[in-house]
There are 2 protein chains.
Amino acid sequence: MNKRFSETLQIDLRSDLPIYLQLIEQIKRQIADGTLKPGDQLPTVRSLAEELRVNFNTVARSYRMLDEAGVISTQQGRGTYITEKPPPELSDRLRRESLMALASRYVREARRLGFSSDEIRQKLLDQLEVQTELNNEGE
Amino acid sequence: MNKRFSETLQIDLRSDLPIYLQLIEQIKRQIADGTLKPGDQLPTVRSLAEELRVNFNTVARSYRMLDEAGVISTQQGRGTYITEKPPPELSDRLRRESLMALASRYVREARRLGFSSDEIRQKLLDQLEVQTELNNEGE
DNA sequence: AGTACAATAATACAATGATACAATTATGAA
DNA sequence: TTCATAATTGTATCATTGTATTATTGTACT
């Protein structure tokens, strides 16, 4: 049951992180975890922008930077695609960058809600226990 | 017949109350009495400043403080809007639910990337240090 | 006067939006 | 087919909007 790609992206207009960086972060992560595969076509800058209710230049900026990073290939008049053969070490680097981005966002948003470092850390430990219990059975 | 927003604001340059505080007070009041509704867009800092004959930094200062108070949402390059759900003081219960959701999402996405509990926990601790240094948490 | 601080102003910058353009693809008539 | 034309796609440029940093102004206090 494949969601529309745009529905898998969560943009927070109130975040202190710019929209174009939020997009980059999440697309990178989907590539790293295999949700997006080499050769997959991404939505056009205009259609994705419309569904996310942002300006298409903002999407274009994200695509351009991802292109420069070598993870996607944007082609004028054709569209944008996940790079066919990512450099061998790119995938592992993407994984680590994605983890860093996730941790960074968690801390940033939690701090924005006014929580202390202790509370942020403790809640994570709680969640790690909860979700680990669930996963150990099924695996 | 709606007046221009700027015409509903009375700025007294001779008041002992600073301009930016006068603005904050009056905008807050208009939100409280329903004149300004959630989702409404406020004038740009420059246009409002021009009509009020004050410097746009002064308006920006008012907007920033209202943003920090959670009353409005300022978005660079887009504009400023009355916060959708303005809970005067976010209830403790809601805050904790939000933190839980953030932590849960972090763990879930990190696991999806294939990281272990140790790696997930360690990366968070790293980020806590990094972001705490910048923010000088003690105060 | 001199100092210290808050309020305001000036300037440069970053993120997003609007518009026009170029490259490619799709369509259809000859 | 082949060519012309329209539609679609990304690109380039500049305008608009809020942000950050610094300078200036004004006020209160010694």
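Thresholds applied
Residues numbered from 1 in each chain as written. Chains lettered and ligands numbered in written order. Predicted model: local features only at pLDDT ≥ 70, side-chain atom pairs only at ≥ 80, totals over all residues. Heavy atoms only, no water. Pairing = 2+ DSSP bridges. Helix = DSSP H or I, 4+ residues; strand = E, 2+ residues; numbered from the N terminus. Contact = heavy atoms within 4.5 Å. Axes fitted to C-alpha atoms, helices over the stretch in contact; angles between N-to-C directions. Near = heavy atom within 4 Å. Polar contact = N/O pair within 3.5 Å; in protein donor to acceptor, adjacent residues only side chain to side chain. Buried < 20%, exposed > 50% of the residue type's maximum accessible area, 1.4 Å probe, protein only.

A. Summary view of the sheet that holds strand β1 (residues 41-42) of chain B. Residues and elements named next belong to chain B. Spatially, three strands are ordered β1-β3-β2 in an open sheet, and the strand pairing comes out antiparallel. One side of each edge strand has no neighbouring strand; the edge strands of this open sheet are β1 and β2 (72-75). Helix-sheet contacts for helix α3 (residues 56-68) involve β1, β2 and β3 (79-82), and the interaxial angle to β2 is about 120°.

B. The arrangement of the protein's contact with DNA strand C in detail. Among the 25 residues in the neighbourhood of DNA strand C, the closest are listed as Asn55(A), Gln76(A), Arg78(A), Asn55(B) and Gln76(B). Expressed as a percentage, the sugar and phosphate content of the atoms of DNA strand C within 4 Å of the protein is 65%. Ile19(B) places a main-chain nitrogen or oxygen 2.7 Å from a phosphate oxygen of DNA strand C. Thr58(B) places a polar side-chain atom, nitrogen or oxygen, 3.3 Å from a phosphate oxygen of DNA strand C.

C. Summary view of the protein's contact with DNA strand D. Near DNA strand D there are 22 residues, and of these Val45(A), Arg46(A), Val45(B), Arg46(B) and Asn57(B) occur at the shortest range. Gly77(A) has a polar backbone atom sitting 3.2 Å from a base oxygen of DNA strand D. Breaking the surface near DNA strand D down by element, the ones donating at least two residues are α2 (45-52), α3 (56-68), β2 (72-75) and β3 (79-82) of chain A together with α2 (45-52), α3, β2 and β3 of chain B.

D. Fine view of the environment of Asp118(A). All names here are of chain A. Mapped onto the elements, Asp118 comes out in helix α5 (residues 117-138). The spacing of Asp118 and Thr83 is 35 residues in sequence and 41 Å in space, taken between C-alpha atoms. At 2.4 Å, the side chain of Asp118 forms a polar contact with the side chain of Arg121.

E. Layout of the side chain of Ser6(A). All names here are of chain A. When you line up the elements, Ser6 lands in the segment before α1 (19-32). Among the residues examined, Ser6 registers a relative accessible area of 9% and is labelled buried. Polar contacts involving the side chain of Ser6 include one to the side chain of Glu51, which spans 2.5 Å. Once residues lying within four places of it in the same chain are set aside, the contact partners of Ser6 are Leu48, Glu51 and Leu52.

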